Amino acid sequence: SVLLGSVLFSCGNPKKGMEDVQPPNIIYIMSDDHAYQAISAYDSTLIHTPNIDRIANEGMRFDQAYVTNSICSPSRAVTLTGKMSHLNSVKDNLDIFDTTQVTLPMYLKKAGYETAIIGKWHLKSTPQGFDHWEVLPDQGDYYQPDFRTPKGMIQEEGYVTDIITDKAIDYLEKKKGKDEPFMLMVHHKAPHREWMAAMEHLNAFHDEKIKEPTTLFDTYEGRGTAAKEAEMRISNHMGLTNDNKISPDVRDKTNHSPFMGWYDWAYNKNIDRMTDEEKEKWEEVYGPINKNFQKINPKGKNLTRWKYQRYMQDYLGTLLSVDDNIGRLLDYLDETGLSENTIVVYTSDQGFYLGEHGWFDKRFMYEQSFRTPLMIRWPEHIQAGAVNKELVQNIDYAPTFLEAAGVDIPEEMQGESLLPLFEDKTDKWRDALYYHYYEYPGIHGVKRHYGIKTKRYKLIHFYYDVDEWELYDLDQDPNEMNNVYNSPKYASVKMSLHKKLDQLREEYLDSDALTQQMLKADLERLRKLEE
Ligand code: SGN
Ligand code: CA
């Protein structure tokens, strides 16, 4: 094989003359819901993220990186298994990860690696295959967060992004002087809903007027039922209280409905975890915002505009801590000489809508949620400042790390190692990606769908309570406003995309029968929950 990993340390046994080549350490940093639109290495309109950008500038930035199922737990299960949702036991946030599966950290351990995970886990079952783990229970909290550990639950003082980084650095400190290579997964909670920033960044964006996306007032014409019925509009599904931090009292005084996603409990839960000092600072920042809201009491489009600004101010605020802390981790690697032989990855568990199509959240196969940031630094093997435009997906991470570690990629893993792409070998790379989303009926009301994406086109099938096909020409219509599935002009494109979709479904072992079987089981689960 010409591939880097196998040349260097095939099957964990270094080739002759390569005995002193150390397998690389791996630091996999994944934030929760971090949209590529909010990383300046991709787009500097919204925020400046100099530290995250370092990974791109000193490594490779992927501009066509996607997930297989745009939602949290499924994405994490894909990273651990290298398998798609229909084969890895977690197709939605309700499923429990089957820990009898052999996962990435287990393969690495067998090859002599130490493995650790710190931060959001969201797979319910107890982490397996990690020598060290400290994970957030469920979604975790921003202030004074709890951590699940092998010794039980502990509560830490401080802000979650800082604490996760402290724990990561502590882990690296304890590894000093040990020979085994390591894989450390650092999973941030931020910038997940309810977008609560650290005290030092609480009002960082409050004086800014943030640029609105051109599709903020999308009316969903030109598309099918799924876009119209999704419940993730900033206008009427984003909560004034939990999301936009208007106290229940002010909300009631301004006569806004307490229903439809205006969860007071989520707001109260966050406030309850603050120290007295934090509560004071909070009041200092959000008190005037509440007062002003009561005074102007925006309605209609003005309310949507106001909510968009509030949403972005808080979302971007949480990212300042992510960026600071990545800087802190990268500096630590430099100071301790670890940078040279460590693969550093920065990614998110999916993309996120920052007002495009009037939305927040994710789930759809439409671009902003399907696509995700990805950048990889590995000084000896990746040219600094490289940009890759091939179609890559989160099923590829496990095969990549295994090959880099000199471990044979197991047959059952469905992704491809990215190592050839590190060397710009793109001739045999894939020409289409497969996607399948399942969590419906469920929160945010995004209908079940599967489909494929090529560099130019996207073909999507929404099913269960609808049976609708959509086709987008991303060259002509990058914002995906016009479904051209029934346009005669696209008849032959449509035919070849259908063929490709069938082929990929077969290749990835998905099928109508399996889809129907999973749907039936989900409906049964739902029925039991409702009982
Ligand atoms: C919570 C959020 C949702 C979000 C899901 C899944 N509501 O339920 O908005 O889609 O998590 O997010 S909240 O009011 O509890 O914040 S995921 O990243 O875990 O998939
Ligand atoms: Ca997520």
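Procedures and definitions
Residues numbered from 1 in each chain as written. Chains lettered and ligands numbered in written order. Predicted model: local features only at pLDDT ≥ 70, side-chain atom pairs only at ≥ 80, totals over all residues. Heavy atoms only, no water. Helix = DSSP H or I, 4+ residues; strand = E, 2+ residues; numbered from the N terminus. Rg over C-alpha atoms; globule rule 2.2 N^0.38 Å. Buried < 20%, exposed > 50% of the residue type's maximum accessible area, 1.4 Å probe, protein only. Contact = heavy atoms within 4.5 Å. Lys, Arg positive; Asp, Glu negative; His and termini not counted. Charge placed at Lys NZ, Arg CZ, Asp CG, Glu CD. Pairing = 2+ DSSP bridges. Axes fitted to C-alpha atoms, helices over the stretch in contact; angles between N-to-C directions. Near = heavy atom within 4 Å. Polar contact = N/O pair within 3.5 Å; in protein donor to acceptor, adjacent residues only side chain to side chain. Areas by Shrake-Rupley, 256 points an atom, 1.4 Å probe, with all protein chains shown as cover. Nonpolar A, V, L, I, M, F, W, Y, C, P; charged D, E, K, R; others polar. Donors = N, O, S within 2.8 Å, 3.2 Å for Na, K, Ca; no water. Tetrahedral: all angles 85-135°; square planar, octahedral: opposite > 155°, others 65-115°. Parallel < 35°, antiparallel > 145°, perpendicular 65-115°, else oblique.

Below, the discussion takes up the overall build of the protein chain. For the protein chain, the helix and strand inventory stands at 16 helices and 16 strands. Since a compact globule built from 531 residues should have a radius of gyration of about 24 Å, the 23 Å found for the protein chain is in line with a globular shape. Expressed as lengths along the three principal axes of its C-alpha atoms, the size of the protein chain is roughly 75 × 60 × 50 Å. For the protein chain, the residues scored as buried account for 63% of the 531 residues in total. The contacts in the protein chain between residues at least 6 apart in sequence include a share of 69% that link residues at least 24 apart. Averaged over its 63 positive side-chain charges, the protein chain has a centre that lies 3 Å from the centre of its 86 negative ones.

Taken in spatial order, the four strands line up as S13-S14-S15-S16 in an open sheet, and their pairing is antiparallel. Among the strands making up the open sheet, the edge pair consists of strand S13 (433-437) and strand S16 (468-473). Each strand axis lies, on average, 15° off the axis of its neighbour in the sheet, ignoring direction. Of the strand pairs in this sheet, S13 and strand S14 (residues 449-453) are connected by five bridges, and their pairing is antiparallel. The residue of S14 that forms the bridge with Tyr434 is Ile452.

What follows covers the site of ligand 1. In the vicinity of ligand 1 lie 18 residues, with Cys72, Arg193, Asp361, Arg363 and His444 positioned nearest. A distance of 3.4 Å separates an oxygen atom of ligand 1 from a polar atom in the side chain of Asp32. Here an oxygen atom of ligand 1 sits 3.4 Å away from a polar atom, N or O, in the side chain of Lys120. Summarising the interface, the protein chains cover 90% of the accessible area of ligand 1, which totals 460 Å² for the free molecule. In the shell around ligand 1, the residues fall into four nonpolar, six polar and eight charged.

The subject of this paragraph is the pairing of strand S7 (residues 152-155). Here strand S6 (residues 146-149) pairs with S7 via four bridges, running antiparallel. Paired with Thr149 across the bridge in S7 is Gly152. Count of turn residues in the S6/S7 antiparallel hairpin: two residues.

Within the protein, Asp32 (OD), Asp33 (OD), Asp349 (OD), Asp349 (OD) and Gln350 (OE1) serve as the donor atoms for the calcium ion (ligand 2), at 2.2 to 2.9 Å. Coordination at the calcium ion (ligand 2) is irregular: its six donor atoms span angles of 49 to 174° at the metal. Of note, the donors binding the calcium ion (ligand 2) are all from one chain and are spaced D-D-x315-D-Q. Highlighted residues: Asp32 in the loop between strand S1 (25-31) and helix H2 (50-57) and Asp349 in the loop between strand S9 (342-348) and helix H12 (367-370), separated in sequence by 317 residues. Across the pair, Asp349 and Asp32 agree in class, each one buried.

It is worth spelling out the packing of helix H10 (residues 276-296) against helix H11 (residues 300-335) at this point. At a minimum axis separation of 13 Å, H10 and H11 run at an interaxial angle of 175°. Viewed along their axes, H10 and H11 adopt a mutual orientation that is roughly antiparallel. From H10, Tyr286, Ile289, Phe293 and Ile296 reach across to H11, where they touch Leu303, Trp306, Arg310 and Asp314. Residue composition of the contact of H10 with H11, by class: six nonpolar, no polar and two charged.

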